[in-house]
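# Residue-level structure breakdown
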Amino acid sequence: MDKVFEIGNIDLVDLSGDTHLVTDIQKRVQEMLGHKKERQKQIRQEIAQEGARALPGVLNALYVFSSQIKRREQKLLSELLAELVGKNKAAREMLIRVGVLESPFAPARGAALLALQTMGEMRPQELEQIRARAWQDIDASNYEAALTLYEPLAQRQDAQSAGELRYWAGELFDERMDVGPEFLDLALRAAPQRAYDTLVEVVGKMDRRDKGLAKVIEKKISPGAVTNLPEVLRALHELKDRSVGYSQKGVEFMFTGPIAKYLAKHPDQIKETEDLIGRDHKPLYRYWWQGLGRILSVEAAQKCFDQVTAPLDEFTWYGGIQLFFVKKYDTKFRVWASDLLKRLKQDAPDEYQDVLDAYEKIGIGVPLEEVEKGRPSRPYKSE
């Protein structure tokens, strides 16, 4: 079976070699992409019956119809590629060379890379080839192609790739709003144990005060990038202490973006994370409550706000401020927030007024350092 074809005998793009089979398979792939799920499954089975000799046609179709390959089709094609390759060494080499290293199209590359992942562990030589090609793409400013290549390496937490991603994140983060945060995301996912070093190294050296750039963090850093929350929080604490402007906004959007999304998926970690912040990360108090305000559909997040009762301490005071923001901007939880604030006003009108004054000062742009002068001195969960 390994001798069905030899590498180099068929030029896929030029459709040389067995052109009839290649074009026939290409047409069947086109038909598969244009049909609904059940018919797609049937066509896939028909192509799979051809075995490894169908691989050139499928790879060629990935080039020709790349623009039609969406996420669902990419998964379908990756499964087909993995089935066609199987344990055929020559086919695997062709998949890597043509589907990954030489492909100029991200959807086609993505399908081929996903197929490799489906087949199990990549070999050291294959990893080296993929990393080398990613560097070539970056040197050519083809950043999206490089990100596609690094994605499966980050998922495997490949140590060398993690170092490269951290380097490129630092190089690109400040200047390329479109791709820099995505390199940071992959770097964090590739080495969660290095989350502190990565965040401090990449975000900490930024001096550009650009709220737009900071807000990209909220959208492009994934929940998978903050799985090592203790190290992430330690880094954000340091960044908040030593930075101003842009970097501080970056800290805020880490909470309202990836951290909030991660905790929404893992609500069992909310209480533990709250205790960690409450004890050890005072500069992050406000950001914690902002993050919780984004996931109020999670019951555990709502329960945290139940603590906003008299007497307030230096931690729950920020929770009261956030309730005013929820009351104003979140139509779904406006009544819920109003009820908690009414309770606070009834139990402790002076403390309620202090929180209201702080909220109004923030609203008119008074620096947080000035606003915090009215914060209670009672420490977190004091008796």
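Residues numbered from 1 in each chain as written. Predicted model: local features only at pLDDT ≥ 70, side-chain atom pairs only at ≥ 80, totals over all residues. Heavy atoms only, no water.

Below, the discussion takes up the overall build of the protein. Counting secondary structure elements, the protein contains 21 helices and zero strands. Across the 383 residues of the protein, 53% fall into the buried class. By element, 48% of the accessible surface of the protein is carried by carbon and sulfur atoms, the whole surface being about 18000 Å². The centroid of the 57 positive side-chain charges in the protein is displaced by 3 Å from the centroid of its 60 negative side-chain charges. (Helix = DSSP H or I, 4+ residues; strand = E, 2+ residues; numbered from the N terminus. Buried < 20%, exposed > 50% of the residue type's maximum accessible area, 1.4 Å probe, protein only. Areas by Shrake-Rupley, 256 points an atom, 1.4 Å probe, with all protein chains shown as cover. Lys, Arg positive; Asp, Glu negative; His and termini not counted. Charge placed at Lys NZ, Arg CZ, Asp CG, Glu CD.)

Throughout the structure, instances matching the rule amount to 31 salt bridges. Among the ionic pairs, Arg-123 bridges to Glu-126, the shortest N-O distance being 3.8 Å. Relative accessible area serves as the criterion here: at 43%, Arg-123 is assigned to the partly exposed category. Between Lys-282 and Glu-314 there is a salt bridge; the shortest N-O distance is 3.2 Å. (Salt bridge = Lys/Arg side-chain N within 4 Å of Asp/Glu carboxyl O.)

Taken as a whole, this structure holds 17 aromatic pairs when the rule is applied. For the pair Phe-324 and Tyr-352, a centre-to-centre distance of 5.7 Å together with 50° between the ring planes defines the contact as tilted. Of the two residues, Phe-324 is situated in helix H18 (residues 316-329) and Tyr-352 in helix H20 (residues 349-363); the sequence distance between them amounts to 28 residues. Residue Phe-324 is classed as buried on the basis of its relative accessible area of 6%. Residue class for Tyr-352 comes out buried when judged on its relative accessible area of 11%. Centroid distance Phe-325 to Tyr-359: 4.9 Å. Interplanar angle 80°. Geometry classified as edge-to-face. With Phe-325 in helix H18 and Tyr-359 in helix H20, this residue pair connects regions lying 34 residues apart in the sequence. By relative accessible area, Tyr-359 is classed as buried at 14%. Through a chain of ring-to-ring contacts, the aromatic side chains of Tyr-285, Trp-289, Phe-305, Phe-315, Trp-317, Tyr-318, Phe-333, Trp-336 and Tyr-380 assemble into a single cluster. Positioned above the aromatic ring of Tyr-196, the side-chain terminus of Arg-234 is 3.7 Å from the ring centre. (Phe/Tyr/Trp six-rings, centres within 6.5 Å; stacked < 30°, edge-to-face > 60°. Lys NZ or Arg CZ within 6 Å of the ring centre and 35° of its normal.)

This part is about the packing of helix H1 (residues 19-33) against helix H4 (residues 71-85). Where H1 meets H4, the axes come as close as 11 Å, and the angle between the chain directions of the two elements is 145°. For the pair H1 and H4, the sense of crossing is right-handed. Here H1 contributes Val-29, Met-32 and Leu-33 to the contact with H4, which in turn contributes Glu-73, Leu-76, Leu-77 and Leu-80. (Axes fitted to C-alpha atoms, helices over the stretch in contact; angles between N-to-C directions. Left-handed = near helix turned anticlockwise from the far one by under 90°. Contact = heavy atoms within 4.5 Å.)

Relative to the 20 Å expected for 14 residues at 1.5 Å per residue, helix H19 (residues 334-347) spans 20 Å between its end C-alpha atoms, a close match to the ideal helical length. Burial in H19 covers these residues: Trp-336, Ala-337, Ser-338, Leu-340, Leu-341 and Leu-344. Residues of H19 that are buried make contact with helix H17 (299-305), H18 and H20. (Expected span 1.5 Å × (residues − 1).)

Before going further, it helps to examine empty space enclosed by the protein. Per the stated rule, a full pass over the model turns up one cavity of 30 Å³ or more. Estimates place the volume of the largest cavity at around 30 Å³. Lining the largest cavity are Phe-255, Ile-259, Ala-260, Leu-263, Trp-288, Gly-291, Leu-292 and Ile-295. Residues of the lining of the largest cavity, tallied by class, amount to seven nonpolar, one polar and no charged. (1 Å grid on protein atoms, 1.4 Å probe; cavity = no way out; pocket = protein on both sides within 12 Å on 5 of 7 lines; lining within 4 Å. Points joined across faces, edges and corners; volume = space filled by probe spheres on them. Nonpolar A, V, L, I, M, F, W, Y, C, P; charged D, E, K, R; others polar.)

In this section: H1. Given a rise of 1.5 Å per residue, 15 residues ought to cover 21 Å, and the 21 Å separating the end C-alpha atoms of H1 matches this to within 8%. Where H1 is buried, its residues meet helix H2 (37-48), helix H3 (55-64) and H4.

This part covers the nonpolar core. The nonpolar side chains of a soluble globular protein tend to be buried with one another. Counting 126 residues, the largest nonpolar core has Phe-183 and Phe-255 as its most contacted members. The dominant element in this core, judged by the number of residues it contributes, is helix H14 (residues 246-265), at eight residues. In contact with Phe-183, not counting residues within four places along its chain, are Ile-138, Tyr-143, Ala-146, Leu-147, Tyr-150, Leu-165, Trp-168, Ala-169 and Leu-172. (Core = buried A, V, L, I, M, F, W, Y, C linked by side-chain atoms within 4.5 Å.)

Secondary-structure assignment places Ile-217 in helix H12 (residues 211-220). A relative accessible area of 1% means that Ile-217 is categorised as buried. Contacts of Ile-217, omitting those with residues within four sequence positions, involve Phe-173, Gly-250, Phe-253, Met-254 and Pro-258.

A word on the side chain of Ser-161. Summarising the element assignment, Ser-161 is placed in helix H9 (residues 159-172). Taking relative accessible area as the criterion, Ser-161 reaches 0% and is therefore assigned buried. Ignoring sequence-local partners within four residues, the contact set of Ser-161 consists of Arg-131, Tyr-150 and Leu-153.

What follows deals with the packing of helix H8 (residues 143-155) against H9. In a packed pair of helices, the relevant descriptors are the angle between the two axes and the axis-to-axis distance. The N-to-C vectors of H8 and H9 enclose an angle of 145°; their axes lie 10 Å apart at closest approach. Handedness of the crossing formed by H8 with H9: left-handed. Contact residues: H8 offers Tyr-143, Tyr-150, Leu-153 and Ala-154, while H9 offers Ser-161, Glu-164, Leu-165, Trp-168 and Leu-172.

Averaged over every residue, the pLDDT of the protein is 88; the share at 70 or more is 91%. Confidence scores differ between elements of the protein, with H12 showing the lowest mean pLDDT of 76 and H19 the highest of 97. Throughout residues 1-17 the model reports pLDDT below 50, and contacts reaching past four residues in sequence, or to other chains, amount to 36 contacts. (pLDDT = per-residue confidence, 0-100.)

A few words on unusual backbone geometry. Among all residues except glycine, the phi angle is most often negative; among peptide bonds, the trans geometry is most common. The linkage connecting Ala-310 with the following residue, Pro-311, adopts the cis geometry, with an omega of -5°. Inspection of the secondary structure puts Pro-311 in the loop between H17 and H18. Positive phi values are uncommon outside glycine, yet Ser-141 reaches one of about 60°. Note on placement: Ser-141 falls in the loop between helix H7 (124-139) and H8. Judged by relative accessible area, which is 47%, Ser-141 ranks as partly exposed.

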